[in-house]
Amino acid sequence: MARSGTAYVNLGRRWSRRDAMPSRAVLESRLSSKGDETITKCCYPGKPGANRVYSPRTVNVPFKFPFLPRDYLPSRLIDPFRFFHSIMTIILTPYWSNGVQKLKMAPQPPPKPKQGLAPPVLDNDVHSVRCLAQLRSKESSLEKYIYLSALKHENPDMFYKLCLNNMAEFTPIIYTPVVGEACQKWSHIYRRPEGMYISIKDKGKIRSVLNNWPKLDDARIAVVTDGSRILGLGDLGVNGMGISVGKLSLYIAGAGIRPHSTVPICLDFGTNTQKYLDDPLYMGLRQRRIGDDEMIEFMDEFMHEMSVAFPKLLIQFEDFSTDHAFMWLERFRNKYPLFNDDIQGTGAVVLSGFINAAKLSSEASGKPLTSHRILFFGAGSAGVGVAMQLMSFFTLQGLSEKEARERIWLVDSQGLIFDARGPMAEHKKYFSRRDYAGPPIKDILDIIEYVKPTALLGLSTISNAFHAGVIQAMATLNPRPIIFPLSNPVKLSECSFQDAVQHTDGQVLFASGSPFPEMEWKGKMLYPGQGNNMYIFPGLGLGAILARATSITDTMVEASSLGLAESLTPDERSVDLLYPRIERIRDIGALIAKEVIRAAQKAGVDRSTDLRSMSDEELLAFVSAKMWSPMF
């Protein structure tokens, strides 16, 4: 036990009771300056042996009430001031910064309530069962969403513990499809502030708004939307904040991004949806969306001020309208570390599932992988983004870019896209067919007959677009047709898993954007794939953050996709799964992050250069160790 008297950690000098104690930040800085070798364990001012040096990195600090300031203590330590004499143990963990190993205080477990402020028997394990029972007692999906949002706010460790232990159950609630309904009703179910709302009225003073964020120094990743194209639900205005919140919950659950380092942001440019403008509870600006010139000025200011206020931040753009999604990605991707999940993330996750599906399809047909022909039904930002990413499938097989492009066809609301059809949006031109000059082909069955695709991908948000006739036409052409209805939410999916199975006699290779239940067919259990972006963006984000990437390159996105494709276990391959089981999301996230870091290193955009010398095994262990976990 400590002797009576006031004692402090000695960091190169002695402090007396009359001296000002350093703040916690200064303490950590001084501890870090001692490096990896030694630190001074404790010191009694004026006592013999006060300057003894100890190792490793545990610092016992005897103290006497009331001379040790409260801001010196780890924020989550049980309040020590109820003890007259006690010992505080600070556990220091090493970390690397600019090639120098430093020390910082390890996070502490959540404090237990003081005696009398909680029931006599409150066990965390039992409480987790209680919380899960409360969730399952809710009758509607929206009620479950509201309950989990409250739990996350009040007890984030419990929320994420339950989420990690029940990923298959929680994912559809905290993200698609339930988040779609939550966004539509966001202004009605709003409970408490969460995230940042920055409106066009803040133009010219965005920096002052950003400075109001309570954890500026901790921020590492932001999900930014303007609510103009939420899932397949259209322009929801500020109600789109639910997307940013939901995505960041998946970053935390899927890749161990620390909760306090996430920043949900919704930009309010107005809304063109009249029912929200007429809704007395709507929380956004009551005006129609601004024009492009004013929006460009705002976005230039916003992105610059974000880089100043949050110098270590990675930005994910989410659910912008098609034209603006491409515009902002091209305008800013080479200036700041950012990516667009609708364009790049969706493309990466679909590429991964397609790689595994194409192998199974070619195995059944006996044809080479280079023979695949892909038909896209839907040519918005997601459709074109996926098509761009799937070109990698063919170039990886040795084809040229021109040859890869010739194996992809796009269909929009006017039918097959081809040059002779006339004027078209800029983002569609790259895949516009140059080898067809006949009359317009509008009916999807006629297009299938002309193209003879091996794979049909839907990103149209048109429910039942892949009707029985379409599915049967694909089955006639292919022993194992690839059918990916990728539109969200479920009600906008181009077809259901049950329909795809029935009309292909169970031979379909299926992946959807939203979850469908497994089903039994002729005595065999069949499992639908879900091309959910949450397989990709958590690991992609974690890898970019750990590499301190200056930009997100196409090769980093491709690496995330290939890492996901290779993550299937032998058991998962034995039942023809196209994606790994969601319960393994942490392992998958770590593997993807490692591949992303390696790709960043090859592209020369990494600033954490000390990671280059690590072996793959060491790097994977490093990534896993960096993942935050709930402290229960």
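Just so it is clear, the model here is predicted, and its values are computed rather than measured.

Observations concerning the UniProt feature "active site" (unreviewed entry) in the protein
Step number 1: According to UniProt, the feature "active site" (unreviewed entry) maps to Tyr-175 and Lys-247 in the numbering used here. These annotated residues cover 73 residues of sequence, and their C-alpha atoms all fall within 7.1 Å of one another, placing them together at a single site. Lining residues of the second largest pocket drawn from the annotated list: Tyr-175 and Lys-247.
Step number 2: Following the sequence through the fold, Tyr-175 ends up in the loop between α5 (167-174) and α6 (178-184).
Step number 3: Contacts of Tyr-175, omitting those with residues within four sequence positions, involve Ile-243, Gly-246, Lys-247, Leu-250 and Glu-318.
Step number 4: Here Lys-247 falls in the buried class, since its relative accessible area comes to 1%.
Step number 5: The residues touching Lys-247, leaving out its near neighbours within four places in the chain, are Tyr-175, Val-223, Gln-316, Glu-318, Asp-341, Asn-533 and Phe-537.
Step number 6: At a separation of 3.4 Å, a polar atom in the side chain of Lys-247 contacts the side chain of Tyr-175.

A closer look at helix α22 (residues 585-603)
Step number 1: End to end, α22 covers 26 Å across 19 residues, agreeing with the expected 27 Å (1.5 Å per residue, within 8%).
Step number 2: Within α22, 14 of the 19 residues are buried, leaving the element largely enclosed by the surrounding structure.
Step number 3: Among the residues trailing α22, Gly-604 stands out with phi positive, at a value near 75 degrees.

Digging into unusual backbone geometry
Step number 1: The omega angle of the peptide bond from Thr-176 to Pro-177 is 10 degrees, so this bond is cis rather than trans.
Step number 2: Structurally, Pro-177 is set in the loop between α5 and α6.
Step number 3: Cis geometry is adopted by the peptide bond preceding Pro-489, which originates at Asn-488 and carries an omega value of -10 degrees.
Step number 4: Mapped onto the fold, Pro-489 is located in the loop between β15 (482-485) and α18 (497-502).
Step number 5: Unlike most non-glycine residues, Thr-461 shows phi in positive territory, near 60 degrees.
Step number 6: Looking at the secondary structure, you find Thr-461 in the loop between β14 (455-458) and α17 (468-477).
Step number 7: For Thr-461, a relative accessible area of 33% translates into the label partly exposed.
Step number 8: Although it is not a glycine, Asp-505 sits at a positive phi angle of roughly 55 degrees.
Step number 9: Its place among the elements puts Asp-505 in the loop between α18 and β16 (509-512).
Step number 10: Residue classification places Asp-505 among the partly exposed residues on the basis of a relative accessible area of 39%.

With respect to the confidence of the model for the protein
Step number 1: Of all residues in the protein, 83% have pLDDT values of 70 or greater, and the mean over the chain is 87.
Step number 2: This stretch, residues 1-24, has a pLDDT under 50; its non-local contacts, to residues over four places away or in other chains, come to 66 contacts.
Step number 3: Segment residues 30-88: pLDDT under 50, and 148 contacts once partners within four positions in sequence are set aside and those in other chains are kept.

Observations concerning the pairing of β15
Step number 1: Here β15 shows no split at all, with Ile-482 and Phe-484 on one side and Ile-483 and Pro-485 on the other all buried.
Step number 2: Between β14 and its parallel partner β15, the chain crosses via α17, and the hand of that crossover is right-handed.
Step number 3: The sheet contact formed by β15 and β16 spans two bridges and is parallel. Counterpart to Ile-482 in the pairing with β16 is Leu-509.

Overview of the pairing of strand β7 (residues 221-225)
Step number 1: Buried residues dominate β7, accounting for five of its five residues.
Step number 2: Residues of β7 alternate between two faces, with Ile-221, Val-223 and Thr-225 on one and Ala-222 and Val-224 on the opposite face, all of them buried.

A word on a nonpolar patch on the surface
Step number 1: Taken together, the side chains of Tyr-190, Tyr-197 and Met-283 present a nonpolar region at the surface, about 250 Å² in accessible area.
Step number 2: Mapped onto the fold, Tyr-190 is located in the loop between α7 (186-189) and β6 (196-199).

Remarks on the sheet that holds β7
Step number 1: Taken together, five strands build an open sheet; the order of strands is β6-β8-β7-β9-β10 and the sheet is parallel. Only two strands of the sheet have a single partner each, and these edge strands are β6 and β10 (338-340). The mean inter-strand angle of the sheet, taken between neighbouring strand axes irrespective of direction, is 20 degrees.
Step number 2: Pairing analysis gives four bridges linking β7 to strand β9 (residues 314-317), with the strands arranged parallel. Bridging across to β9, Ala-222 finds its partner in Ile-315.
Step number 3: Packing against the sheet, helix α12 (residues 322-332) makes contact with β9 and β10, and its axis sits at approximately 160 degrees to β10.
Step number 4: Here helix α19 (residues 537-547) sits on the sheet and contacts β7, β9 and β10; the angle it forms with β9, its principal contact strand, is near 155 degrees.

Parameters and conventions
- Here the residue numbers are simple positions, counted from 1 along each chain's written sequence.
- Local features in a predicted model are, by the rule used here, given only for residues with pLDDT of at least 70; side-chain atom pairs are given and counted only at 80 or more, and totals for whole chains, interfaces and linings are based on all residues.
- For the side-chain quantities, the full set of heavy atoms in the structure was used; hydrogens and water were omitted.
- UniProt positions are given in the numbering used here, feature names are shortened, and annotations may be inferred rather than shown by experiment.
- Method remark: on a 1 Å grid restricted to protein atoms, a set of points is classed as a cavity if a 1.4 Å probe fits but cannot get out and as a pocket if it is open with protein on both sides within 12 Å along at least five of seven lines; lining residues have an atom within 4 Å of a point.
- A helix here means a DSSP run of H or I that spans at least four residues, while a strand means a run of E at least two residues long, and both kinds are numbered starting from the N terminus.
- Working rule for contacts: check all heavy atoms of both residues, and any pair within 4.5 Å makes them a contact.
- Only protein chains enter the accessibility calculation, which uses a 1.4 Å probe; a residue whose area is less than 20% of its type maximum is buried, one above 50% is exposed, and one in between is partly exposed.
- Counting of polar contacts relies on pairs of N or O atoms within 3.5 Å, with two restrictions inside protein: one atom must be capable of donating a hydrogen and the other of accepting it, and residues adjacent in sequence are counted only when both atoms are side-chain atoms.
- Expected span of a helix: the number of residues minus one, times 1.5 Å.
- pLDDT gives the predictor's per-residue confidence on a scale running from 0 to 100.
- Whether a crossover is right-handed comes down to one check: with the strands pointing away from the viewer, does the path from the first strand over the helix to the second run clockwise; if it does, it is right-handed.
- Should DSSP find at least two bridges between two strands, the strands are regarded as paired.
- In this scheme, patches are assembled from residues that exceed 30% relative accessible area and form no salt bridge. Like charges are connected within 9 Å, while nonpolar side chains (Val, Leu, Ile, Met, Phe, Trp, Tyr) are connected within 5 Å.
- What sets the accessible areas is the Shrake-Rupley method with a 1.4 Å probe; for residues, cover comes only from the shown protein chains.
- Each salt bridge in this description consists of a side-chain nitrogen of Lys or Arg and a carboxyl oxygen of Asp or Glu lying within 4 Å of one another.
- To define axes, lines are fitted to C-alpha atoms, for helices over the stretch in contact only, and angles between the resulting N-to-C directions are given on a 0 to 180 degree scale.

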